[in-house]
Amino acid sequence: MSIIESSDLTKYFGDLTAVDHINLSINDKEIFGLVGPDGAGKTTTIRLLATILNISAGTATIDGYDVQKEPSSVRKLIGYMSQRFTLYADLTVKENLHFFARLHQVPKDQRETRTNELLDFSRLRGFEQRQAGRLSGGMQQKLALACTLIHQPKVLFLDEPTTGVDPVSRREFWRILTQLNQQGATLLVSTPYMDEAERCTRIAFMDNGRITACDTPLNIKNNIGGRLLELDVNNPRAALAILKTASELKSAYVFGELLQIAVDKKEFSIRLIRRLMADNHIVINSIKEIPMSMENAFLSLAGAKEDKGVSRGSANV
Ligand SMILES: Nc1ncnc2c1ncn2[C@@H]1O[C@H](COP(=O)(O)OP(=O)(O)OP(=O)(O)O)[C@@H](O)[C@H]1O
Ligand SMILES: [Mg+2]
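Computed from a predicted structure; not experimentally measured.

Caption draft 1: Local environment of the overall build of the protein. Within the protein, the secondary structure is distributed over 11 helices and 14 strands. Principal-axis analysis of the C-alpha atoms places the extent of the protein at approximately 75 × 45 × 35 Å. Sorting the 317 residues of the protein into buried and exposed places 51% on the buried side. The contacts of the protein with a sequence gap of at least 6 include a subset with a gap of at least 24, amounting to 70%. Averaging the coordinates of the 39 positive side-chain charges in the protein and doing the same for the 37 negative ones gives two points 1 Å apart.

Caption draft 2: Summary view of the domain arrangement of the protein. Domain boundaries assigned for the protein yield domain 1 (2-216) and domain 2 (225-313). Summarising the inter-unit geometry, the C-alpha centres of domain 1 and domain 2 are found 37 Å apart. Listed per partner, the contact involves 11 residues of domain 1 and 6 residues of domain 2. Of the roughly 710 Å² buried between domain 1 and domain 2, counting both surfaces, carbon and sulfur atoms make up 77%. In this assembly, domain 1 and domain 2 are joined by 0 salt bridges. Applying the counting rule to domain 1 against domain 2 returns 0 residue pairs in polar contact (both at pLDDT 80 or more). When residues of the side of domain 1 that touches domain 2 are traced back to their parent elements, those giving at least two are α7 (194-197) and β9 (202-207). Looking at the side of domain 1 that touches domain 2 element by element, the count peaks at 3 residues for β9.

Caption draft 3: Up close: the sheet that holds β9. Spatial strand order, β6-β7-β8-β3-β9-β10: 6 strands in an open sheet with mixed pairing. A strand with exactly one partner marks an edge of an open sheet, and here the two such strands are β6 (78-81) and β10 (210-215). Looking at each pair of strands side by side, their axes are set apart by 15° on average, direction ignored. Taken together, the 4 bridges between β6 and strand β7 (residues 155-159) define a ladder with parallel strand orientation. Bridge pairing links G79 to L156 in β7.

Caption draft 4: The arrangement of the packing of helix α5 (residues 137-148) against helix α6 (residues 167-182) in detail. Remark: α5 packs on α6, axes separated minimally by 9 Å, with the N-to-C direction vectors making an angle of 15°. By the angle between their directions, the pair α5 and α6 is classed as roughly parallel. In terms of crossing hand, the pair formed by α5 and α6 is right-handed. In this structure, α5 contributes G138, Q141, K142 and L145 to the contact, and α6 contributes S169, E172, F173, I176, L177 and L180. Here the contact of α5 with α6 is built from residues that sort into 5 nonpolar, 3 polar and 2 charged.

Caption draft 5: Broad picture of the pattern of salt bridges. Applying the stated criterion across every chain, the model contains 19 salt bridges. Between K29 and D28 there is a salt bridge, with its nearest N and O atoms 3.4 Å apart. The class of K29 is partly exposed, set by a relative accessible area of 45%. Its relative accessible area of 28% is what places D28 among the partly exposed residues. Ionic contacts of the salt-bridge type, sharing partners, join the residues R123, K142, E172 and R175 into one network.

Caption draft 6: Quick look at the packing of aromatic side chains. According to the stated counting rule, one finds 3 aromatic pairs in the structure shown. In this structure an aromatic cluster arises from ring pairing among Y88, F99 and F100. Directly above the aromatic system of Y193 lies the positively charged group of R170, at a separation of 3.8 Å from the ring centroid. The ring of F268 carries the charged tip of K265 above its face, separated from the ring centre by 4.8 Å.

Caption draft 7: Geometry of the site of ligand 1. Lining the immediate environment of ligand 1, one finds 13 residues, of which G39, G41, K42, T43 and T44 sit closest. Side-chain polar atom of T43 to an oxygen atom of ligand 1: 2.7 Å apart, as the coordinates give it. Surface burial for ligand 1 is 62%, taken as the share of its 640 Å² of free accessible area covered by protein chains. Secondary-structure elements contributing two or more residues to the shell around ligand 1 are β2 (16-27) and α1 (42-49). By residue number, the principal contributor to the shell around ligand 1 is α1, which donates 3 residues. Residue composition of the shell around ligand 1, grouped by class: 5 nonpolar, 5 polar and 3 charged.

Thresholds, definitions, all that
Residues numbered from 1 in each chain as written. Chains lettered and ligands numbered in written order. Predicted model: local features only at pLDDT ≥ 70, side-chain atom pairs only at ≥ 80, totals over all residues. Heavy atoms only, no water. Helix = DSSP H or I, 4+ residues; strand = E, 2+ residues; numbered from the N terminus. Buried < 20%, exposed > 50% of the residue type's maximum accessible area, 1.4 Å probe, protein only. Contact = heavy atoms within 4.5 Å. Lys, Arg positive; Asp, Glu negative; His and termini not counted. Charge placed at Lys NZ, Arg CZ, Asp CG, Glu CD. Domains from an automatic or database assignment. Buried area = accessible area lost by both parts, 1.4 Å probe. Salt bridge = Lys/Arg side-chain N within 4 Å of Asp/Glu carboxyl O. Polar contact = N/O pair within 3.5 Å; in protein donor to acceptor, adjacent residues only side chain to side chain. Pairing = 2+ DSSP bridges. Axes fitted to C-alpha atoms, helices over the stretch in contact; angles between N-to-C directions. Parallel < 35°, antiparallel > 145°, perpendicular 65-115°, else oblique. Left-handed = near helix turned anticlockwise from the far one by under 90°. Nonpolar A, V, L, I, M, F, W, Y, C, P; charged D, E, K, R; others polar. Phe/Tyr/Trp six-rings, centres within 6.5 Å; stacked < 30°, edge-to-face > 60°. Lys NZ or Arg CZ within 6 Å of the ring centre and 35° of its normal. Near = heavy atom within 4 Å. Areas by Shrake-Rupley, 256 points an atom, 1.4 Å probe, with all protein chains shown as cover.

What follows is the structure, given as structure tokens:
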């Protein structure tokens, strides 16, 4: 059953279309990931669904409630953790939790119990009296999440909740998210980290306000990114410049001393690459297919347009 639905959801900022006719259907208890380059429209999409921005066109519902027409019913169901720091730096951990409890009208007699549950759940016990501004980055994000959870929302919108947080704290944060999900929450989370995208049940890739791909991480890797070749040459930089001019290839990137090239047709592309390298006196040490990683699939999806731009302005193959 779908708990988050949108139909042609659109947001204009003046002449700019930040969110462009998005159709989402997110199932109950999914962990749904939103990925895409800077300015793709991820934050705007989340803000529309979280009733923070007015919708320009189209509709959206959360658990059957219309986001535009029934915002107060929607707000009771959702928790929203914004991309920017939302805590009160000079309030303590406990004061922040109490503040959000009042804000979300958690009944007075439940506030203390709920605060204590969340202190344990987020492993912030022992830091109750510390000012939020003096917590580490990872702990601040856990506190922000705990504050978002104070009214026990069914649907959570998390906008880049772990950006800038160290890998150990990110793992800890995801442990909490997985636990929340197992307890029945549906999560819509935007992230720049591909290891986090892989933890999602499905991912939507956004670009220029549109969803250009939406599938399970496995299918995105297997189908959408294409196949991946690894090329070892004597001059990777020169080889990259040449490969970027080949419109038949989806994208090409340098990884360390090796080149990774996303392609649609393997045998055809290998022949093409061999010819291009030979024509330009570049020596191939090896060329082979390697498994598509989420990062490569992302680069392939994000880079296709940009690389084609380069190819148009450069010499033909
Ligand atoms: N309040 C606003 N007024 C005008 N333009 C806006 C506003 N908010 C966002 N935009 C524009 O809308 C587009 C989408 O922005 P958005 O913040 O949704 O992208 P994003 O995918 O979240 O990017 P990032 O990865 O950098 O967080 C951008 O071009 C941005 O400049
Ligand atoms: Mg954003």
